[in-house]
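Here is how the chains run, residue by residue.
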Amino acid sequence: MRVTFPRRSAPVVRQSEAAPDAGALLSVRGLTTCYGATVAIRDVSLDVHPGEIVTILGANGAGKTTTLGSITGLVRPSAGSIFFDGVDIAGETPERIVGCGIALSPEGRRVFAKLTVRENLRLGAGLKGQSELDERYAEVVDLFPVLERKRDDFAGLLSGGEQQQLAIGRALMSRPRLLLLDEPSLGLAPIVVSSVFDLIGRLRDRGMTIVLVEQNVDRALGLADRGYVLQTGRVIVDGPAAELRDGSAVEDAYLGLGGRS
Amino acid sequence: MSDRSRIGRARRFVDDRWYLRALVGAALLSALLGIVITCVQTMGSGTDARVALSFLVNLAAVIGIQTFMGNSGVVSFGHVAFVGIGAYTSSLLTTAPETKRMASMIPDAPGFLLDAHMGFLPATLVAILVACAVALAFGIVLVRMSGITAAITTLAILVIVRVVLGNWEQVTHGPKTFFGIPAYTTMWNALAWVVVAIFVARLFRESNLGLRLRASKTDELGSQAIGVDIKRARLAAWVLSAGMAAVSGALYAHLMLAFGPQQFYVDLTFVLLVMVIIGGPTVSGAVIGAGAVTLLTEFLRRGEQGFSLGPIHVDQALGLTTIVLGSIVLLTMIVRPSGLLGRWELDEWLRRGAARLSARRQRPHAPVHDGAPPIDPHAVDLIQTAAAPGKEEA
Amino acid sequence: MTEVAQQVANWLTIGGIYALLALGIAVIFSILGLINIAHGELVTISGYSMVALAANGVPWALVIPLAILVALVASVLMERVAFRPMRGAPLSAMLLGSLALSIVIQNLLLLFVGARPKTIGFPGWTQSSFEVAGVTVGWLDVGCWVVTAAVLAAVIVFLRRSVRGLALRAAAEDFEVTRLMGIRADSVIRGAFAVAGLLAGIAAFFLLATSSVVVPGTGFTPMLKGFIAAVIGGLGSLSGAVLGGFVLAGVEVVFQLALPASAAPFGDAVVFGVVILVLLLRPNGLLAARSVAVERA
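The paragraphs below set out a description of the structure included in this document. Quick caveat: nothing in here was measured; it's all calculated off a predicted structure. (Residues numbered from 1 in each chain as written. Chains lettered and ligands numbered in written order. Predicted model: local features only at pLDDT ≥ 70, side-chain atom pairs only at ≥ 80, totals over all residues. Heavy atoms only, no water.)

On to the interface of chain C and chain B. With 42 residues of chain C at the interface, the matching set in chain B holds 42 residues. Put simply, chain C and chain B have 0 residue pairs in polar contact (both at pLDDT 80 or more) between them. For the side of chain C that touches chain B, the elements supplying multiple residues, two or more each, are α4 (91-112), α9 (220-233) and α11 (267-281) of chain C. Among the residues making up the side of chain C that touches chain B, the classes are represented as 35 nonpolar, 4 polar and 3 charged. (Contact = heavy atoms within 4.5 Å. Polar contact = N/O pair within 3.5 Å; in protein donor to acceptor, adjacent residues only side chain to side chain. Helix = DSSP H or I, 4+ residues; strand = E, 2+ residues; numbered from the N terminus. Nonpolar A, V, L, I, M, F, W, Y, C, P; charged D, E, K, R; others polar.)

So, in structure tokens, the structure goes:
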């Protein structure tokens, strides 16, 4: 049983307008988040259009996880707006934001190790999604057959790649319109990384809109439509993935050279 | 920030040597305390003097508890046990043999105890030794635990000692009052013991052991990685603090001249803990916290006899003191869990203030830095979670 | 032989009460990493409500469930008033805060109800008993065993099968990610405190049915025992709490039998001494939580 998510075409748009992009599913403007006195991200703006994969790149500590954390509500932004489908969700609680249709596969996967695979997936649907549990479960295991095979195993005993599938599957259980993936390749062997990226591609083919935070630059740019590069909390360059791949901007960013301030 | 003046050189000389820092800090605090006590003694009423005296007696215990809790970060419900041990041990040694032999006291106690008749100083020293020995025995077990388990163990220690003190009829007179204790506690010898406690506490805090212990408070794993022997440091703090608590017990016994085992249980524990919490993790904090709570308690105690708030007249409000104290603790934990005074000693505050002043004097327009901006603990949590490693594939 | 049977009966009753208290404490600990020292006050409050209800002629069939309900509500109130504002504070702060709460409640009761012990007029059937093979068994004891077993089973089923129970277990493991599932954090925590209150209320009935007397400090020692039982069993482990309750009761009963009469008053000290030993050998309790410790010192 093949299920596809509703798909709309993805227009090529250059960012840099201050107002939210009307065609975008997610539109972040001027996002600034601080931890106490430390500014983690400053004036970050990005757009994600329906059906595309946008990747956020940057070295460790550049602010990638903070950006995702601000979008999902785990951290309160100090300034800026986050427009999801035209509605500003900045500063909302995670529970509400998930309810709007954003789901996260966190860095390090963070599956519930002491619960079984099935229980993990069940929780992904939230307390409200229980009525459609069977449907959603079927959709997810269609994408990730291994989760069905290991459904009664404790999540903590799965391999890294399987846990990553579980984390993504769990996120999908809430039938999100936007899927955020935080470093899905982290700690995985190259072969497994390939299959994970294949999977992400397949999700895009089914119409899912994805924000992919990655350290694995090549893979990410090979898969994404567009990308943003963060350096010490700011977006220093962005554009279509092909441009980023060919240019030296990304390299410079990682090495701490150049970039606009 | 180069300050080549003589003051600057002297300051750096002191700063570089931990024992000098400790001594200067302790001296400053003791001087302040001494001034306050002298004022009360000379200008205050008899009631004021009594309040100040019981403040000093409690203070010795509070400094002890702070030495353990403030440095190790472990909550201790058990120190009052050592106050009790100090009280009983010293009293057994100072009380006249004839009193002890009375039928209404402890005629069946072992001979050497019945015959003992020492002065305050030797009796207190013995009390300190006994308390430290008991603390050592429990401590060997305690230091292996951390967090909740340790806290519960201290609670268990409190109960164990309470039960023993309350039932060892032969020696402690069981649940009945132990009386006939000579009145050795005066304002000045109490102050003297407290000053000694302040010096010991400060020296421990600045010493290697104290420093290591405080490092383990914020990052246990990290400090273990660089070879810090947390167990030994904790044990030292524990035993030292027990000794100070014993001093408090001895002072208490020779002030009240009679007591029972129920005095060394949950109620006293609560009062002392409130003082420690409000003051925060420093020795200066202990003194200030104890002072603040003593003043507040005095004020409230008068209220317990009945008061009028405008048209409202309350006749007797037993337990009002504790309710207010408890509410203050609750509020403090909600608003400022690290205590009202933060983590710097009094002299450290002064030094930082002076440093800022001199820096501003030399470069009046430059921003003044104290070091790296403080990291928000929530951020640490988030960062640590973000850095949680995934499982490695073979 | 009958003596042994008698002691076994004792053990089951005391163990059941301790298990109920320990489980209530453990549920909150496993989610918040916090020991609620004021848990004992739930017992006291429940006791006083039994006094008030019975004195006002409410039939006993209603008094018991109402008193349990009071404990449940009190627990949820505690969460709202004291623990929610303290969320995010270090562990020691929450320990001290809950101690403060406990003392404040005790003194409020002292102030408004008075220090004199209040008697609960339990109905006759609580004292009745019957003989089985030479052993006197009280109906109350039987009731305690049955109810404890039923309640513990119900809690386990709730936790393992229902979605809310699942959410509780998930929250215990990773609170943040649970929120990311769209599960409201507040709701989960409130649920935990409600369960704890329910358990405390049930324990209160069986506890007070024997002594029939309530003073402001009634709940403190049971809380202590429940606390210790939870730690012995392994903080963070719910089945450990239940096990710990029976282990602690067992140690108490054994020592009461084994110790000579002169040493009897020292019984508590010995029991607590044994507890320290257990903690020394197994610092994480007998059934240490399966994955990384919940210790957040």
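This is not the end of the story, as more comes after the structure.
Residues and elements named next belong to chain A. The sheet built from 4 strands is open, its strands ordered β2-β1-β4-β5 with antiparallel pairing. The sheet is open, and its two borders are formed by β2 (38-48) and β5 (87-88), each paired with just one other strand. Sheet topology note: the strand β1 (residues 26-35)/strand β4 (residues 79-84) ladder contains 5 bridges and is antiparallel. What sits directly across from arginine 29, in β4, is serine 81. Against the sheet, helix α1 (residues 64-72) touches β1, β2 and β4, its axis set at about 110 degrees to β1. (Pairing = 2+ DSSP bridges. Axes fitted to C-alpha atoms, helices over the stretch in contact; angles between N-to-C directions.)

Geometry of a packed helix pair, given as the angle between the helix axes and the separation of the axes. Residues and elements named next belong to chain C. Two numbers describe how helix α1 (residues 2-32) lies on helix α5 (residues 139-161): the axes approach to 9 Å, and their chain directions differ by 35 degrees. The interaxial crossing formed by α1 with α5 has left-handed handedness. Across from Ala9, Leu12, Thr13, Gly16, Ile17, Ala19, Leu20 and Leu23 in α1, the residues of α5 making contact are Asp141, Cys144, Trp145, Thr148, Val151, Leu152 and Val155. Considering only residue class, the contact of α1 with α5 consists of 11 nonpolar, 3 polar and 1 charged. (Left-handed = near helix turned anticlockwise from the far one by under 90°.)

The next subject is the interface of chain C and chain A. Every contact between the two is made by 23 residues of chain C and, on the other side, 23 residues of chain A. Around 2,300 Å² of area is buried between chain C and chain A when both sides are counted, 65% of it from carbon and sulfur atoms. Here chain C is connected to chain A by 4 salt bridges. With its nearest N and O atoms 3.0 Å apart, the salt bridge here joins Arg169(C) to Glu119(A). (Buried area = accessible area lost by both parts, 1.4 Å probe. Salt bridge = Lys/Arg side-chain N within 4 Å of Asp/Glu carboxyl O.)

Once that is clear, we can look at the sheet that holds strand β8 (residues 209-214) of chain A. Residue and element names in this part refer to chain A. One open sheet holds the 6 strands; their spatial order is β6-β7-β8-β3-β9-β10, and the pairing between them is mixed. The open sheet has two edge strands with one neighbour each: β6 (102-105) and β10 (234-240). Across the sheet, the axes of successive neighbouring strands diverge by a mean angle of 15 degrees, strand direction being ignored. Two elements, strand β9 (residues 226-231) and β10, share 6 bridges in a ladder whose sense is antiparallel. Note on β10: the bridge partner recorded for valine 229 is valine 237.

Here we come to the pattern of salt bridges. Pairs can form between side chains of opposite charge once their charged atoms are near each other. Residues and elements named next belong to chain A. Tallying each qualifying case throughout the model produces 26 salt bridges over all chains. The shortest N-O distance in the salt bridge between glutamate 92 and arginine 96 comes to 2.8 Å. Notably, a salt bridge pairs arginine 151 with glutamate 148, separated by 2.6 Å at the nearest N-O pair. Look at glutamate 148 and you get partly exposed, because its relative accessible area is 29%. (Buried < 20%, exposed > 50% of the residue type's maximum accessible area, 1.4 Å probe, protein only.)

Moving on, we come to the nonpolar core. Among soluble globular proteins, nonpolar side chains are generally buried collectively. Counting residues in hydrophobic clusters, the biggest one holds 240 residues, and the most contacted among them are Leu33(B) and Leu56(B). Among the nonpolar cores identified, the runner-up in size contains 48 residues, and Phe144(A), Val146(A), Leu166(A) and Val193(A) belong to it. (Core = buried A, V, L, I, M, F, W, Y, C linked by side-chain atoms within 4.5 Å.)

Before going further, it helps to spend a moment on the environment of Glu243(A). Within the secondary structure, Glu243(A) is located in helix α9 (residues 241-246). Sequence separation between Glu243(A) and Asn216(A) is 27 residues, and the spatial gap between their C-alpha atoms is 17 Å.

With that out of the way, let us pick up the packing of aromatic side chains. Within the structure shown, the criterion is met by 13 aromatic pairs over all chains. Both rings, one in Phe178(B) and one in Phe259(B), keep their centres 5.9 Å apart while their planes meet at 10 degrees; by these two values the pair is stacked. In this pair, Phe178(B) is assigned in strand β1 (residues 178-179) and Phe259(B) in strand β2 (residues 258-259), connecting sequence segments 81 residues apart. Residue Phe178(B) is classed as buried on the basis of its relative accessible area of 0%. Ring centres 5.1 Å apart and planes at 65 degrees place the aromatic pair Phe205(C) and Phe206(C) in the edge-to-face group. Assigned by exposure class, Phe205(C) and Phe206(C) land together as buried. One aromatic cluster in this structure is built from Tyr88(B), Phe178(B), Tyr252(B), Phe259(B) and Phe264(B). The residue whose ring lies beneath Arg170(A) is Phe112(A), and the NZ or CZ to ring-centre distance is 5.0 Å. Across the ring face of Tyr265(B), the terminal group of Arg162(B) is positioned such that the distance to the ring centre comes to 5.5 Å. (Phe/Tyr/Trp six-rings, centres within 6.5 Å; stacked < 30°, edge-to-face > 60°. Lys NZ or Arg CZ within 6 Å of the ring centre and 35° of its normal.)

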